[in-house]
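# Per-entry structural report
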Amino acid sequence: MKKLVLVAFLFFGSKTLFAQGCSDAGICSIDKGFDRETDSVRQVIETAVVYSLGEADVKYVSPYVAYTKHFSSKFSFTARVTYSTATGSFGTRSQFGDAFLIGNYRFKPTKQKQWSAMLGFKFPFTASNLKINGYSLPLDYQSSLGTIDVLAGTALKTGNFDWQVAVQIPVVNLNRNSYFSEYSGTNDFPSTNLFERKPDALFRATYSWQLPSRKLTLRPNVLFIYHLGEDTYENIFSKRESIAGSDGLTVNLNAVANYRLTRNQQFEVSVAAPVVVREVRPDGLTRSFVLGVSYQVSF
Amino acid sequence: MRTLVLIVCSFLLFGCSEEGFLTSGRLAENIAPDASLQYSGNFVPTAGISVAGAAQIYFSEGSYKVQLTGFSISNGPDLKVYLSKSDVPNNFVNLGNLSSQTVYEIPNSVAVADYGYVLIHCQQYNHLFAVAALTQN
C-alpha cells in the first residue's frame, strides 16, 4: 500500500495541489450515502466540521449535521444539512448551503460481496448570489452552487475493498450569481455571472484496514471525479460563454481514520489532498487541503 | 405550527458577513472636468417602481462613462446597470451592480452609438425597474 501511494505521488507530483472540495458538490462525500451500519442500528446522527483551503487565500469552515433512519435491514434514508463560512480577501461570508436527501438500498449479500445503491437529491438554500457590502462574490465564497441535483450511485464491497461509482446531475439551475472578474479588483477568480454547471461522475476505491483492537479502522482511498463538460456563464455582453478548461478530471487522495468510542459512538478524522486537477475551476469547489472531523452516535 | 415553520425558515436563512479588502469600498469613478456629454436621457419607471434622475454618457480620454445624476429608485435585490440596444434587457452590456457610486465605466470595445438605452434591471428575479432612452447631445 505504501508503495502504491508513493508511486501515485511520484506520478502526479509535478501538479499543483488542489482537491475538489465537498462544501456543495456532495459527490466528494457521497460514500456517506452508502450504508455501512449493522442491522441492529436504527438511527444515526452525525455532526462534522470540515476545514479546508481553497483558491487564492480563501479558507473554509464547513460544518454539517446528518440524520439517518434505517427502515429495515435493507433500506435507509439520510438527510444532511451543510453550512459554510468562507474567509479571504473579499471578507467573510457565512450561510447555510444545501440539504441532501438520500435513500440507500442494500441488496442481499452474496459470498464476500455486498452491493448497495443510492439515489438522492440536493436542494440549495441560496441562489449562489451572496454579497458583501453590495459587491458580488465569486462562487468560491458561496455556500451553495444554487442547483437542484440528482445523486445516484452504486457500491460494491468485496473483502476489504469498497468500490463506488456515482453521478451528480444538476437538474434545475437556480444559480443567479452575478460575479464579474472585470469589476472585482482581482483576477483570482473567473467570471461566473448566471453560472451553469455540468454534471460530475465519480469513482472511488477504498481499502479498509481494521487494527487488531477492532476499535480503529483506517480507510485510505482514491477518488476520481470527472466533470462532464465545460461550465458556462453570461459575459458582460449578455452572451453565454463556455469556460474553457473547466471540464476534466480531479483525483484526490483521502485517508480516513475511524475510532469506535463505544458500541454506539464513533469518531472519524479525514484528510484529503489532490494530485490531479482541472485546468480551470470556476465552481469554487477547489481545495488544496481538506481536514474533517466527525462524531457519530447511533441508537 | 406557523411560528415553528417561521423559526425553522429563519434559522435556515441565517447568514452573516464581514467586509474584506476587496469589499470595503473602492475609489469612486469620476467624470473628468473636461469630459464631453455625448448622450443623455431621463429614467422612466416600470409598473410599481418609482425612479428619479437621468443617465448621462460622457467621453473623456478615449473612454465612455455613464453617470447617474439626481438618481433614486425603489429598493430591489440585485439591481444592475445595463447599457442596452433596446428598452428590454435582450442585448446589453452589463456595467455592474447598482451601488452608491454614480459613475460606471463602459468597456472600450463597446460601440456606444449602437446602444440607445440605459436600464436598471433586477437580474436575480429578471425584473426591469427603469429605462432611460438616450438622445445624442
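Below or above, wherever it landed, is the structure these notes cover. (Residues numbered from 1 in each chain as written. Chains lettered and ligands numbered in written order. Predicted model: local features only at pLDDT ≥ 70, side-chain atom pairs only at ≥ 80, totals over all residues. Heavy atoms only, no water.)

## Focus: the overall build of chain B
- Each helix and strand counted, chain B has 1 helix and 10 strands in total.
- Listing every helix and strand of chain B by position from the N terminus yields α-β-β-β-β-β-β-β-β-β-β.
- Across the 137 residues in chain B, those meeting the buried criterion constitute 41%.
- When contacts within chain B are restricted to residue pairs at least 6 apart in sequence, long-range pairs at least 24 apart make up 56% of them.
- Accessible area for chain B stands at about 7,500 Å²; split by element, carbon and sulfur atoms hold 54% of it. (Helix = DSSP H or I, 4+ residues; strand = E, 2+ residues; numbered from the N terminus. Buried < 20%, exposed > 50% of the residue type's maximum accessible area, 1.4 Å probe, protein only. Contact = heavy atoms within 4.5 Å. Areas by Shrake-Rupley, 256 points an atom, 1.4 Å probe, with all protein chains shown as cover.)

## A short note on the interface of chain A and chain B
- The interface of chain A with chain B comprises 34 residues on the first partner and 32 residues on the second.
- Looking at the side of chain A facing chain B, the largest losses of area belong to A:Phe96, A:Tyr135 and A:Tyr183, adding up to 20% of the total buried there.
- Taken together, chain A and chain B are joined by 1 salt bridge.
- Among the salt bridges present, the one from B:Asp78 reaches A:Lys131, with a minimum N-O distance of 2.7 Å.
- In this assembly, chain A and chain B are joined by 22 residue pairs in polar contact (both at pLDDT 80 or more).
- Those elements that place two or more of their residues in the side of chain A that touches chain B are strand 5 (91-106), strand 7 (131-132) and strand 8 (135-136) of chain A.
- With 6 residues, strand 5 of chain A is the single largest residue contributor to the side of chain A that touches chain B.
- Residue classes in the side of chain A that touches chain B are distributed as 13 nonpolar, 16 polar and 5 charged. (Buried area = accessible area lost by both parts, 1.4 Å probe. Salt bridge = Lys/Arg side-chain N within 4 Å of Asp/Glu carboxyl O. Polar contact = N/O pair within 3.5 Å; in protein donor to acceptor, adjacent residues only side chain to side chain. Nonpolar A, V, L, I, M, F, W, Y, C, P; charged D, E, K, R; others polar.)

## Concerning the side chain of B:Asn94
- Here B:Asn94 is to be found in strand 6 (residues 92-97).
- Polar contacts involving the side chain of B:Asn94 include one to the main-chain amide nitrogen of B:Gly96, which spans 2.9 Å.
- Among residues more than four places away in sequence, those in contact with B:Asn94 are A:Phe180, A:Tyr183, A:Asn193, A:Ile236, B:Lys80, B:Val81, B:Tyr82 and B:Gln123.

## A closer look at the packing of aromatic side chains
All names here are of chain A.
- Counting across every chain of the model gives 17 aromatic pairs over all chains.
- Summarising the aromatic geometry, the rings of Tyr 105 and Phe 107 are spaced 5.0 Å apart at their centres and angled 75° between planes, so their arrangement reads as edge-to-face.
- Taking relative accessible area as the criterion, Tyr 105 reaches 34% and is therefore assigned partly exposed.
- Ring plane angle 15° and centroid distance 5.5 Å describe the contact between Phe 161 and Trp 163, whose orientation is recorded as stacked.
- Look at Phe 161 and you get partly exposed, because its relative accessible area is 35%.
- Through a chain of ring-to-ring contacts, the aromatic side chains of Phe 161, Trp 163, Phe 203, Tyr 207 and Phe 224 assemble into a single cluster. (Phe/Tyr/Trp six-rings, centres within 6.5 Å; stacked < 30°, edge-to-face > 60°.)

## Here we look at a nonpolar patch on the surface
Residue and element names in this part refer to chain A.
- On the surface, a cluster of nonpolar side chains totalling about 740 Å² of accessible area is made up of Val 49, Tyr 51, Val 61, Tyr 259, Leu 261, Phe 267, Val 271, Leu 291, Val 293 and Tyr 295.
- Elements with a contribution of two residues or more to the nonpolar patch: strand 2 (43-53), strand 17 (265-276) and strand 19 (289-298).
- Considering every element that reaches the nonpolar patch, the biggest residue donor is strand 19, with 3 residues.
- Looking at where Leu 261 falls in the secondary structure, it is placed in the loop between strand 16 (248-260) and strand 17. (Patch = residues over 30% accessible without salt bridge, like charges linked within 9 Å, V, L, I, M, F, W, Y side chains within 5 Å.)

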